[in-house]
Amino acid sequence: MDRKRVVITGISAISGNSESKEDLFQRLYSGNIFIVPVPKSFEKNYTFRSRFFVPFPKINICEHGFHNKLNLLMEENVKLGLVCTKQALLDAGFQLKENNKNGFQIEAVESPGV
């Protein structure tokens, strides 16, 4: 089997107040920023220079088509990576098919003709 290079040219963006690139860019363009004060519990051993931060988004991967058992097992940063990967694949033109065992599999690719 010949190996070929693959480039995925899709984008995903999730923030503390948005779960899609469209939503995030719309909020940025409108000047709607999302910051909250640094909680006292964060400063037990360290004092932050800034008094504000952008909180890590809470992701429910069930809302993005993944099984609840994965939602219960995964840490928040893994959920974020999983959802961003799916969104980037879709943005790049990949067609995904639901797979009851793993969640999704790549079914087809729309070739951009490059």
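Provided above is the structure to which this section pertains.
Because the structure is predicted, anything quoted here is derived from the model rather than measured.

### Regarding the environment of leucine 72
Turning to step 1, where the next piece is worked out: Among the secondary structure elements, leucine 72 is positioned in helix H2 (residues 68-73).
Turning to step 2, where the next piece is worked out: It is 10.0 Å that separates the C-alpha atoms of leucine 72 and cysteine 62, two residues lying 10 residues apart in sequence.

### So, the packing of aromatic side chains
Turning to step 1, where the next piece is worked out: Scanning all chains against the criterion turns up 3 aromatic pairs.
Turning to step 2, where the next piece is worked out: Ring centres 5.0 Å apart and planes at 80 degrees place the aromatic pair tyrosine 46 and phenylalanine 48 in the edge-to-face group.
Turning to step 3, where the next piece is worked out: By relative accessible area, phenylalanine 48 is classed as partly exposed at 33%.

### Description of the nonpolar core
Turning to step 1, where the next piece is worked out: In terms of nonpolar packing, the biggest core is built from 7 residues, these being Ile14, Ile59, Ile61, Phe66, Leu70, Leu80 and Val83.
Turning to step 2, where the next piece is worked out: Among all residues touching leucine 80, those that are not within four sequence positions of it are Ile14, Phe56, Pro57 and Ile59.

### Things to note about helix H3 (residues 76-91)
Note on helix geometry: an α-helix contains 3.6 residues per turn, so any two residues three or four positions apart are oriented the same way.
Turning to step 1, where the next piece is worked out: Over its 16 residues, H3 extends 22 Å from the first C-alpha to the last, a length consistent with the 22 Å expected when each residue adds 1.5 Å.
Turning to step 2, where the next piece is worked out: Listing the buried residues of H3 in full gives Lys79, Leu80, Val83, Lys86, Gln87, Ala88 and Leu89.
Turning to step 3, where the next piece is worked out: A positive backbone phi angle near 100 degrees is found at glycine 93, which sits one or two residues after H3.

About the criteria used
- Residues numbered from 1 in each chain as written.
- Predicted model: local features only at pLDDT ≥ 70, side-chain atom pairs only at ≥ 80, totals over all residues.
- Heavy atoms only, no water.
- Helix = DSSP H or I, 4+ residues; strand = E, 2+ residues; numbered from the N terminus.
- Phe/Tyr/Trp six-rings, centres within 6.5 Å; stacked < 30°, edge-to-face > 60°.
- Buried < 20%, exposed > 50% of the residue type's maximum accessible area, 1.4 Å probe, protein only.
- Core = buried A, V, L, I, M, F, W, Y, C linked by side-chain atoms within 4.5 Å.
- Contact = heavy atoms within 4.5 Å.
- Expected span 1.5 Å × (residues − 1).

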